Amino acid sequence: MDRIISSSQQQSLLSTHKVLRNTYFLLGLTLAFSAVTATLSTVYALPSPGLILMLVGFYGLMFLTYRLANSPAGILAAFAFTGFLGYCLGPILSSFLTAGMGDVIAMALGGTALVFFCCSAYVLTTRRDMSFLGGMMMAGFVVLLVAVVANIFLQLPALHLAISALFILFSAGAILWETSNIIQGGETNYIRATVSLYVSLYNIFVSLLSLLGFANRD
């Protein structure tokens, strides 16, 4: 019986490691592809898609990726999703470069990498179950949604900065939760896990750009 249990535990551990390995591999590829599309969008000064088209593309491609996550087509959908978001970054990066704030982009990239490394390393080292964050994440999402909708009408710089800071905290929590979910066996699909981590990294990067850009403007 002990051998059976031990064998079952080993298979579970191997399966978890496989999901984690595939997730990080696909995440690296999608980040690279997103960087390429962002660079092309910046170099060729492609127009911003606008809020409505961005939201439709974001949620539409995300839904498609999750719908196809259990098939090879899900990988193509993940690349389409991350490539689209990379394209959306182009106009933002162009505005920073035009303003002579290329160093802000570099700092935002470094900060995003640092947050991801620290959060992932903590969970992978301690193997702590972070499922308790689920309730707080839901509450944080509601607060962010209300704040974003309110700022559409109020257009307050202070509220915009507060939203950016909250997005960083929320996304860092999402990285902790998703990484723990993979380790604990709650997430067995690496495509879904990749998209979740990518969105968190994207939100952190854009939010850091906003905060650092405000702090460095003349």
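What counts and how
Residues numbered from 1 in each chain as written. Predicted model: local features only at pLDDT ≥ 70, side-chain atom pairs only at ≥ 80, totals over all residues. Heavy atoms only, no water. UniProt positions renumbered as here; feature names shortened; annotations may be inferred. Helix = DSSP H or I, 4+ residues; strand = E, 2+ residues; numbered from the N terminus. Salt bridge = Lys/Arg side-chain N within 4 Å of Asp/Glu carboxyl O. Buried < 20%, exposed > 50% of the residue type's maximum accessible area, 1.4 Å probe, protein only. Core = buried A, V, L, I, M, F, W, Y, C linked by side-chain atoms within 4.5 Å. Contact = heavy atoms within 4.5 Å. Axes fitted to C-alpha atoms, helices over the stretch in contact; angles between N-to-C directions. Parallel < 35°, antiparallel > 145°, perpendicular 65-115°, else oblique. Patch = residues over 30% accessible without salt bridge, like charges linked within 9 Å, V, L, I, M, F, W, Y side chains within 5 Å. Areas by Shrake-Rupley, 256 points an atom, 1.4 Å probe, with all protein chains shown as cover.

1. Here we look at the UniProt feature "transmembrane region" (unreviewed entry) in the chain
Per the UniProt record, "transmembrane region" (unreviewed entry) is annotated on residues 24-45, 51-69, 76-98, 104-125, 132-153, 159-177 and 189-215. Structurally, residues 24-45 is divided into 91% helix and 0% strand, and its ends, taken at the C-alpha atoms, are 31 Å apart. As a span, residues 51-69 carries 89% helix and 0% strand, and end to end its C-alpha atoms are 26 Å apart.

2. Focus on the pattern of salt bridges
Enumeration according to the criterion identifies 1 salt bridge in this entry. Arg192 is paired through a salt bridge with Glu187; the nearest N and O atoms lie 3.1 Å apart. Of the residues examined, Arg192 reaches a relative accessible area of 23% and is grouped as partly exposed. A relative accessible area of 11% means that Glu187 is categorised as buried.

3. Some thoughts on the nonpolar core
In this structure, Phe81, Leu85, Ile175, Phe205 and Leu209 are the most contacted members of the largest nonpolar core, which totals 41 residues. For this core, the secondary-structure elements that each account for two or more residues are α1 (2-43), α2 (51-67), α3 (73-98), α4 (102-126), α5 (133-154), α6 (157-183) and α7 (190-216). No other element matches α7, which puts 11 residues into this core. Apart from the residues lying within four places of it in its own chain, the contact partners of Leu209 are Ile92, Leu93, Phe96, Val104, Ile105 and Ala108.

4. Focus on the packing of α3 against α4
It is at 7 Å that the axes of α3 and α4 come closest, and there the two elements cross at 130 degrees. Taken as axis vectors, α3 and α4 run oblique relative to one another. For the pair formed by α3 and α4, the contact residues are Leu93, Phe96 and Leu97 on the first element and Gly102, Val104 and Ile105 on the second.

5. Quick word on a nonpolar patch on the surface
A contiguous nonpolar surface patch, about 1000 Å² in accessible area, is contributed by Met138, Phe141, Val142, Leu145, Val146, Val148, Val149, Ile152, Phe153, Leu154 and Leu156. The residue Phe141 is located in helix α5 in this model.

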